[in-house]
Amino acid sequence: MGADGAFKRTESVWRNWVSREIDSKFQPEKDRYHLYVAHACPWAHRTLIARSLKGLEDVISVTAVMPVWRKTKPGDSNDTHCGWMFADEGGKFHKNTIGLGGPFPSSCPENKPDPHFGAKTVREIYEQVGDTEGKYTVPILFDKKLRTIVSNESSEIIQMLNTEFDDLAKFPEVDLEPEDLVDKMKEVDQWIYPDINNGVYRCGFAKSQKAYDKAIDDLTEAFDRLEETLKSQRFIAGDRLTLSDIRLFVTLIRFDEVYVVYFKTNTRSVANSPTLLNYCRDIYSHPGVAETVNMDQIKGHYFCSHPDLNKHSIIPKGPNFEKLLQQPHDRDSFDVFKKRRVDSVTSNESISESN
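Just so it is clear, the structure is predicted and the values come from calculations on it, not from any experiment.

**Section: the packing of helix H1 (residues 42-54) against helix H3 (residues 154-163)**
Step number 1: Across the interface, H1 lies against H3 with an axial gap of 9 Å and an inter-helix angle of 5°. Looking at the two axes, H1 sits roughly parallel to H3. Each of Trp-43, Arg-46, Thr-47, Ala-50, Arg-51 and Lys-54 in H1 lies in contact with H3, whose residues at this interface are Ser-154, Ser-155, Ile-157, Ile-158, Leu-161 and Asn-162.
Step number 2: The class makeup of the residues in the contact of H1 with H3 is five nonpolar, four polar and three charged.

**A look at the environment of Phe-321**
Step number 1: Counting through the fold element by element, Phe-321 comes out in helix H10 (residues 321-325).
Step number 2: Exposure remark for Phe-321: the relative accessible area of 0% places this residue in the buried category.
Step number 3: Distance from Phe-321 to Met-295, taken between C-alpha atoms, is 8.8 Å for residues 26 residues apart in sequence.
Step number 4: Non-local contacts of Phe-321, meaning those with residues more than four positions away in its chain, are made with Leu-252, Ile-253, Asp-256, Glu-257, Val-270, Ala-271 and Leu-277.

**Some points on the packing of aromatic side chains**
Step number 1: All chains considered together, the criterion is met by 19 aromatic pairs.
Step number 2: By way of ring pairs, the aromatic residues Trp-43, Tyr-193, Tyr-201, Phe-205, Phe-223, Phe-255, Tyr-259, Tyr-262, Phe-263, Tyr-302 and Phe-303 are connected into one cluster.

**Thoughts on the pattern of salt bridges**
Step number 1: Tallying each qualifying case throughout the model produces 24 salt bridges.
Step number 2: Salt-bridge contacts for Lys-299 lead to Glu-257; the nearest nitrogen and oxygen are separated by 3.3 Å. In this pair, Lys-299 is assigned in helix H9 (residues 295-305) and Glu-257 in helix H7 (residues 243-262), connecting sequence segments 42 residues apart. Take Lys-299 and Glu-257: they sit in the same class, and that class is buried.
Step number 3: Shared partners join several salt bridges into a network, and the residues in it are Glu-29, Arg-32, Asp-143 and Lys-145.

**A look at the packing of helix H4 (residues 182-197) against helix H6 (residues 209-230)**
Step number 1: Running from amino to carboxyl end, H4 crosses H6 at an angle of 130°, the nearest separation of the two axes being 8 Å. Considering the angle they form, H4 stands oblique to H6. Note that H4 runs across H6; the crossing there is left-handed. The segment H4 lies against H6, with Trp-191, Ile-192, Asp-195 and Ile-196 engaging Asp-218, Leu-219, Ala-222, Phe-223, Arg-225 and Leu-226.
Step number 2: The residue makeup of the contact of H4 with H6, split by class, is seven nonpolar, no polar and three charged.

**Focus: H3**
Step number 1: Of all the ten residues making up H3, eight are buried; the element is thus mostly covered by neighbouring parts of the structure.
Step number 2: Within H3, the full set of buried residues consists of Ser-154, Ser-155, Glu-156, Ile-157, Ile-158, Met-160, Leu-161 and Asn-162.
Step number 3: Against the buried residues of H3 lie strand S1 (33-37), H1, strand S5 (140-143), strand S6 (148-151) and H7.

**Notes on the side chain of Ser-305**
Step number 1: Secondary-structure assignment places Ser-305 in helix H9.
Step number 2: Side-chain polar atoms of Ser-305 contact the backbone nitrogen of Trp-69, separated by 2.9 Å.
Step number 3: In terms of polar contacts, Ser-305 uses its side chain to reach the backbone carbonyl oxygen of His-301, at 2.8 Å.
Step number 4: Residues within four places of Ser-305 in sequence aside, it is in contact with Pro-67, Val-68, Trp-69 and Gly-300.

**Quick look at the confidence of the model for the protein chain**
Step number 1: Taken as a whole, the protein chain shows an average pLDDT of 92; of its residues, 91% reach a score of 70 or greater.
Step number 2: Predicted confidence is poor over residues 339-348, with pLDDT under 50, and the contacts of this stretch with residues over four places away or in other chains come to zero contacts.

**Overview of the side chain of Arg-254**
Step number 1: Examined against the element boundaries, Arg-254 turns out to sit in helix H7.
Step number 2: An unpaired buried charge is present at Arg-254: no salt bridge exists, and Glu-322, the closest side chain of opposite charge, is 10 Å distant.
Step number 3: There is a polar contact of 2.8 Å between the side chain of Arg-254 and the backbone oxygen of Val-250.
Step number 4: Not counting chain neighbours up to four residues away, the residues in contact with Arg-254 comprise His-39, Ala-40, Cys-41, Pro-42, His-45, Tyr-259, Ile-298 and Tyr-302.

**Structural notes on the state of the cysteines**
Step number 1: On inspection of all chains with the given rule, the structure shows zero disulfides.
Step number 2: Cys-41 supplies the cysteine sulfur nearest to Cys-280, a cysteine that is in no disulfide, at a spacing of 18 Å.

**Re unusual backbone geometry**
Peptide bonds are mostly trans, and most non-glycine residues show a negative phi.
Step number 1: With an omega of 5°, the peptide bond running from Gly-102 to Pro-103 counts as cis.
Step number 2: Its identity as a non-glycine residue notwithstanding, Ser-313 has a phi of 55°, on the positive side.
Step number 3: A relative accessible area of 6% means that Ser-313 is categorised as buried.

**Notes on the environment of Thr-251**
Step number 1: Checked against the element boundaries, Thr-251 lands in helix H7.
Step number 2: When the C-alpha positions of Thr-251 and Glu-124 are compared, they lie 28 Å apart, and in sequence the two are 127 residues distant.
Step number 3: When sequence neighbours within four positions are dropped, the list of residues in contact with Thr-251 reads Ile-196, Asn-197, Val-200 and Tyr-259.

**Digging into the pairing of S1**
Step number 1: Counting buried residues along S1, five of its five residues qualify, which places the element largely inside the surrounding structure.
Step number 2: By the bridge criterion, four bridges tie S1 to S5 in an arrangement that is antiparallel. Following the sheet pairing, His-34 is matched in S5 by Phe-142.
Step number 3: In terms of handedness, the path from S1 via H1 over to strand S2 (residues 61-64) forms a crossover that is right-handed.

The rules behind each value
Residues numbered from 1 in each chain as written. Predicted model: local features only at pLDDT ≥ 70, side-chain atom pairs only at ≥ 80, totals over all residues. Heavy atoms only, no water. Axes fitted to C-alpha atoms, helices over the stretch in contact; angles between N-to-C directions. Helix = DSSP H or I, 4+ residues; strand = E, 2+ residues; numbered from the N terminus. Parallel < 35°, antiparallel > 145°, perpendicular 65-115°, else oblique. Contact = heavy atoms within 4.5 Å. Nonpolar A, V, L, I, M, F, W, Y, C, P; charged D, E, K, R; others polar. Buried < 20%, exposed > 50% of the residue type's maximum accessible area, 1.4 Å probe, protein only. Phe/Tyr/Trp six-rings, centres within 6.5 Å; stacked < 30°, edge-to-face > 60°. Salt bridge = Lys/Arg side-chain N within 4 Å of Asp/Glu carboxyl O. Left-handed = near helix turned anticlockwise from the far one by under 90°. Polar contact = N/O pair within 3.5 Å; in protein donor to acceptor, adjacent residues only side chain to side chain. pLDDT = per-residue confidence, 0-100. Lys, Arg positive; Asp, Glu negative; His and termini not counted. Disulfide = S-S within 2.5 Å. Pairing = 2+ DSSP bridges. Right-handed = clockwise from strand over helix to strand, strands pointing away.

Shown next as structure tokens:
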């Protein structure tokens, strides 16, 4: 948190790479790597989508933690850290971290215990590998062979999933970072991350009116920029689905159900934007994407893990945004327009040549 009350995100520190290079410490191998994720977390959600689109479900295993944060050292009154917990299949129902709300279950069918250390918390995973930074976040790309963390930076993990496991992927032909769109992806990521992905957190965790006003103005401007951009092209970087779309999608699908209410981002709404709603429907309809969306755990995490924002952990019923996503989209029309433009150019060139 900045002195002006502005939310400042701490950078990830585990930044190793899985690579096919001959001298790489982390070679791509089947069943060597494991993803620790939370269905609720947008950064972790990116990795689940990339894994699914590339067809890596049989190559990289996954454990999803429980949605509601708990005290990670409950026996130490001086340790106030609250964070991600693994499922405790014999555990009791519990309340939020200040003893209110709930009761919340200690396990769910889609959440499992830690398969590698028997850890109770994500914090313990970091402690097991000698972490000294104390940023106990997901996603984690874990190396089961060397028993260490490869990376906890989602933007880099999805790049690895896109390129480094192609020899093992079901869909190696899927390229989510095509060479001809890389520059455009970098361009859009440079404003989408600070003003949309992190922008919602800058609004929600602002500790001064000035910081909030700056954050909401930046977000509103970026939201309108998204809308204008996507009125004229199918995806955010051009005519193909890319990692930049995945990065954007995970924020947009949480926007109306969570951020509008919880983070006070109520100047705009995805449901009220036909362009952005249909854009989200388009991505949601891609094979394997819908299965990565768990709206119950998304809402359960946000509304129940921060008692300073929601003391009694009441979960708003919400607009059932996922039902809107399940309706048909209209984005195929861009492919029709593209074909018409190509046909028109070809026709004009033929006429010119005949003259």
